[in-house]
Amino acid sequence: MNIGEKISFFRKMKNISQRELGRRINKTGQYISYIELSDQENVTVSLLNDIAKALEIDVKDFFECEHSLKSNTKGSLKAFSNDELLEEIQRRLNKRIEG
């Protein structure tokens, strides 16, 4: 499941439309649709943070099911501080974009 699919999953769990989610983060519903349907993993950490807040979830929820996050880390993501978590997410997103 990619980032877009996870955004869609959590949005639907909260019974929020794409339009409403977009409104909450000052984007359009079409933009949310693009993110959810895109195979790209180039969503910024800042945008993910905004979406997580709008959905009332923790940004790490987008990554907890990712096997790649569990490898090369000691313990779980819960061991990271918020700043460290955001830095780790950005590093891993950049690595996916480059690779």
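Definitions and limits used
Per chain, residues are indexed from 1 in the order of the written sequence. Residue-level local features of this predicted model are given only where pLDDT is at least 70; pairs of side-chain atoms are given and counted only at 80 or more, and the full residue set underlies all totals for whole chains, interfaces and linings. Each side-chain value is derived from all of the structure's non-hydrogen atoms; neither hydrogens nor water enter the calculation. Numbered from the N terminus, helices here are DSSP runs of H or I no shorter than four residues, and strands are runs of E no shorter than two. Partly exposed describes any residue whose relative accessible area lies between the buried limit of under 20% and the exposed limit of over 50%, with all areas from a 1.4 Å probe on protein chains only and scaled to the type maximum. Two residues qualify as a contact provided that any one of their heavy atoms is within 4.5 Å of a heavy atom in the partner residue. Each accessible area is a Shrake-Rupley estimate made with a 1.4 Å probe; only the visible protein chains count as cover when residues are assessed. Each patch is assembled from residues with relative accessible area greater than 30% and no salt bridge, linking like charges that lie within 9 Å and nonpolar side chains (Val, Leu, Ile, Met, Phe, Trp, Tyr) that lie within 5 Å. We define a salt bridge as a side-chain nitrogen of Lys or Arg found within 4 Å of a carboxyl oxygen belonging to Asp or Glu. Definition of a polar contact: a pair of N or O atoms within 3.5 Å, with one able to donate and the other able to accept a hydrogen when the atoms are protein atoms, and with sequence-neighbouring residues admitted only if both atoms are side-chain atoms. Any two rings among Phe, Tyr and Trp, with Trp reduced to its six-membered ring, count as a pair given centres within 6.5 Å; such a pair is stacked if its planes are under 30 degrees apart, edge-to-face if over 60, and tilted if neither. For a Lys NZ or an Arg CZ to count as sitting over a ring, it must be within 6 Å of the ring centre and within 35 degrees of the ring normal. Under this scheme, a helix contributes an axis fitted over its contacting stretch, all axes are lines through C-alpha atoms, and angles between N-to-C directions fall in the 0 to 180 degree range. For classification purposes, an angle smaller than 35 degrees is called roughly parallel, one larger than 145 roughly antiparallel, one from 65 to 115 roughly perpendicular, and anything else oblique. Two helices cross in a left-handed way if the nearer one is turned anticlockwise from the farther one by less than a right angle. They cross in a right-handed way if the turn is clockwise.

Q: Can you explain the overall build of the protein? Please cite residues and give values.
A: The helix and strand tally for the protein stands at six helices and zero strands. Shown N-terminal to C-terminal, the secondary structure of the protein runs as helices and strands in the order α-α-α-α-α-α. For the protein, the proportion of its 99 residues judged to be buried stands at 41%. Partitioning the intrachain contacts of the protein with sequence separation of at least 6 by distance along the chain shows that 57% fall at a separation of at least 24. Carbon and sulfur atoms make up 47% of the accessible area of the protein, which totals about 6400 Å².

Q: Give me a nonpolar patch on the surface: which residues, what numbers.
A: Taken together, Met-1, Phe-9 and Met-13 make up a surface patch of nonpolar side chains, about 350 Å² in accessible area. Note that Phe-9 resides in helix 1 (residues 3–13).

Q: Now, about the environment of Ser-17: what can you tell me, with residues and values included?
A: Along the chain, Ser-17 turns up in the loop between helix 1 and helix 2 (18–24). By relative accessible area, Ser-17 is classed as partly exposed at 38%. A sequence separation of twelve residues divides Ser-17 from Gly-29, and the C-alpha atoms of the two residues are 7.9 Å apart. Engagement of the side chain of Ser-17 in a polar contact is seen with the backbone nitrogen of Glu-20, the distance being 2.9 Å.

Q: Help me get a handle on the packing of aromatic side chains, residues and values and all.
A: Across all of its chains, the model carries two aromatic pairs by this definition. Taken together, a centroid distance of 5.3 Å and an interplanar angle of 75 degrees make the contact between Phe-9 and Phe-10 edge-to-face. Judged by its relative accessible area of 14%, Phe-10 falls in the buried class. Taken together, a centroid distance of 5.7 Å and an interplanar angle of 80 degrees make the contact between Phe-10 and Phe-62 edge-to-face. With a gap of 52 residues between them, Phe-10 in helix 1 and Phe-62 in the loop between helix 4 (45–55) and helix 5 (67–70) connect regions that are remote in the sequence. Put simply, the rings of Phe-9, Phe-10 and Phe-62 pair up and form one aromatic cluster. Over the aromatic face of Tyr-31 sits the side chain of Lys-27, whose NZ or CZ is 5.5 Å from the ring centroid.

Q: Break down the packing of helix 1 against helix 4 for me, citing the residues and quoting the values.
A: Where helix 1 meets helix 4, the closest approach of the two axes is 10 Å, and the angle between their N-to-C directions is 15 degrees. Here helix 1 lies roughly parallel to helix 4, going by the angle between them. Remark: the crossing between helix 1 and helix 4 carries left-handed chirality. Contacts from Ile-3, Ile-7, Phe-10 and Arg-11 of helix 1 reach helix 4 at Leu-48, Ile-51 and Leu-55.

From the geometry alone we can't say anything about function, so treat these as descriptive.
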